[in-house]
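# Report on the structure
Below are the chains, spelled out letter by letter.
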There are 2 protein chains.
Amino acid sequence: MYEQLRLDNQLCFRIYTASRLLTQAYRPLLEPLGLTYPQYLVMMVLWEKDNQLVGDICQRLRLDTNTLTPMLQRMEKEGLVIRTRGIADGRQTLVSLTRKGHHLEEQAKEVPSCLTRGMQDTGVGPEDLQRLAATLDTLTGILETKKEGQH
Amino acid sequence: MYEQLRLDNQLCFRIYTASRLLTQAYRPLLEPLGLTYPQYLVMMVLWEKDNQLVGDICQRLRLDTNTLTPMLQRMEKEGLVIRTRGIADGRQTLVSLTRKGHHLEEQAKEVPSCLTRGMQDTGVGPEDLQRLAATLDTLTGILETKKEGQH
DNA sequence: TATATTTGCATCGTGTACGATATAATTCAA
DNA sequence: TTGAATTATATCGTACACGATGCAAATATA
């Protein structure tokens, strides 16, 4: 029995579990909007700035096109976005919000507070979350750098 | 533009990204062992204690049978585990390591250190990781409690 | 003890993730 | 300028996740 292989010693398992449970916590809030959690992320990117290329969204969410293209196709079928091919560069695909997609922001703006409200009086204070975010940013930065180095 | 909908303000997005990047970081280390990251988690559970029920593994990893059953079936096909139905209780399925599955622990024991080594001299110290783990545990605990309350 | 309920696991359908490959448009180079 | 490399997306195959449903074994209840 190797101590380093104990599940309880695995940071990655904690992050993996927290990620899944958080996504599950979002589900009942996003279901009324007809969004999955990854789709909600795409919407946030587009609400910040409309008319972005697939590649822009990829970069922002750190996802590849093989994940995003099918997702954007489903979102287009749902009438949330429109995909337009070849404007300046014929290879690019521009993703734009539909009116429906725009309007969804009004309903979505309540979602984040629903979750942070649930964090109150739980032993996890705002400063803990702040520190958590900072450490995760550093960690992600490191992992991205290592990833670059592979190519 | 609602401030609370900015991607940069989303803790969940950070965790989601960190989780994916960490899993990606494990991939090249686990590929030689013929394991995916979730399968590696199952193996860790079984290395800690062999001969566990599907339900035990579910509870430990906080995954449901609809995820684990197909995964265990794949692992059985790979010759890592054996699934035995109905010992005391005919509904249960006992999951046991094969000799091959047991032997894999020897190779796997190097995996964790490969990753922690990569964390050295990066600005993220052991105490940061410790605190990160603690906060995630609390967070996960809260999310689990909320989840219970839904039933 | 016959029936209803619960339990443990399996199956199904949909939606991500992601490596590998394909394809068409653009750019580079000889 | 034409063929080679590059780039931006798309497609394909496999493996999770997870809600919903199915099913047989065990348990509870009348």
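In this report, we go over the structure that sits alongside the text. (Residues numbered from 1 in each chain as written. Chains lettered and ligands numbered in written order. Predicted model: local features only at pLDDT ≥ 70, side-chain atom pairs only at ≥ 80, totals over all residues. Heavy atoms only, no water.)

### Remarks on the sheet that holds strand E3 (residues 93–97) of chain A
Residues and elements named next belong to chain A.
- Taken in spatial order, the 3 strands make up an open sheet running E1-E3-E2, and their pairing is antiparallel. Of all strands in the sheet, those bounded by a partner on one side alone are strand E1 (52–53) and strand E2 (81–85).
- Here E1 runs beside E3; their pairing, made up of 2 bridges, is antiparallel. Bridging across to E3, Gln52 finds its partner in Val95.
- Set on the sheet, helix H2 (residues 37–48) makes contact with E1, E2 and E3; between it and E3 the angle comes to about 85°. (Pairing = 2+ DSSP bridges. Helix = DSSP H or I, 4+ residues; strand = E, 2+ residues; numbered from the N terminus. Contact = heavy atoms within 4.5 Å. Axes fitted to C-alpha atoms, helices over the stretch in contact; angles between N-to-C directions.)

### Notes on unusual backbone geometry
- For Asn51 of chain A, which is not glycine, the phi torsion reads 55° and is therefore positive.
- Along the chain, Asn51 of chain A falls in the loop between H2 and E1.

### As for the protein's contact with DNA strand D
- Residues in contact with DNA strand D amount to 28 residues; listed here are only the nearest, Tyr16, Arg20, Gln24 and Thr69 of chain A together with Asn66 of chain B.
- Backbone atoms, meaning sugar and phosphate, make up 70% of the atoms of DNA strand D lying within 4 Å of the protein.
- A distance of 2.9 Å is found between a phosphate oxygen of DNA strand D and a backbone nitrogen or oxygen belonging to Gly90 of chain B.
- Mapped onto the surface near DNA strand D, the elements with two or more residues apiece are helix H1 (11–30), helix H3 (54–61), helix H4 (65–77) and E2 of chain A together with helix H2 (37–48) and helix H4 (65–77) of chain B.
- Partitioning the surface near DNA strand D into residue classes produces 7 nonpolar, 13 polar and 8 charged. (Near = heavy atom within 4 Å. Polar contact = N/O pair within 3.5 Å; in protein donor to acceptor, adjacent residues only side chain to side chain. Nonpolar A, V, L, I, M, F, W, Y, C, P; charged D, E, K, R; others polar.)

### Structural notes on the relation of the copies chain A and chain B
- Structural alignment of chain A on chain B gives an RMSD of 0.0 Å, achieved by rotating through 180° and translating 0.0 Å along the axis. The two molecules are tied by a two-fold rotation axis, judged by turn and shift.
- Mapped onto chain B, 100% of the interface residues of chain A are again interface residues, and the two copies thus contact each other with one and the same surface. (Least-squares fit on C-alpha atoms with pLDDT ≥ 70 in both.)

### Comments concerning the packing of aromatic side chains
- Applying the stated criterion across every chain yields a total of 10 aromatic pairs over all chains.
- Both rings, one in Tyr26 of chain A and one in Tyr37 of chain A, keep their centres 4.9 Å apart while their planes meet at 40°; by these two values the pair is tilted. Of the two residues, Tyr26 of chain A is situated in helix H1 and Tyr37 of chain A in helix H2; the sequence distance between them amounts to 11 residues. There is no split in this pair, since Tyr26 of chain A and Tyr37 of chain A are both buried.
- Judged by centre distance (5.7 Å) and plane angle (45°), the ring pair of Tyr26 of chain A and Tyr40 of chain A falls under tilted. Placement of the pair is Tyr26 of chain A in helix H1 and Tyr40 of chain A in helix H2, with a sequence separation of 14 residues.
- For Tyr26 of chain A, a relative accessible area of 4% puts it in the buried group.
- These aromatic residues form a ring-pair network of at least three members: Phe13 and Tyr16 of chain A together with Tyr26, Tyr37 and Tyr40 of chain B.
- Seen from the ring of Tyr16 of chain B, Arg20 of chain B lies directly overhead, with NZ or CZ sitting 5.3 Å from the centre. (Phe/Tyr/Trp six-rings, centres within 6.5 Å; stacked < 30°, edge-to-face > 60°. Buried < 20%, exposed > 50% of the residue type's maximum accessible area, 1.4 Å probe, protein only. Lys NZ or Arg CZ within 6 Å of the ring centre and 35° of its normal.)

### Things to note about the state of the cysteines
- In this structure the tally under the stated criterion is 0 disulfides over all chains.
- This cysteine, Cys58 of chain B, is not joined by any disulfide, and Cys12 of chain A carries the nearest cysteine sulfur, 19 Å off.
- Taking the relative accessible area as the measure of exposure, Cys58 of chain B reaches 10% and is therefore buried. (Disulfide = S-S within 2.5 Å.)

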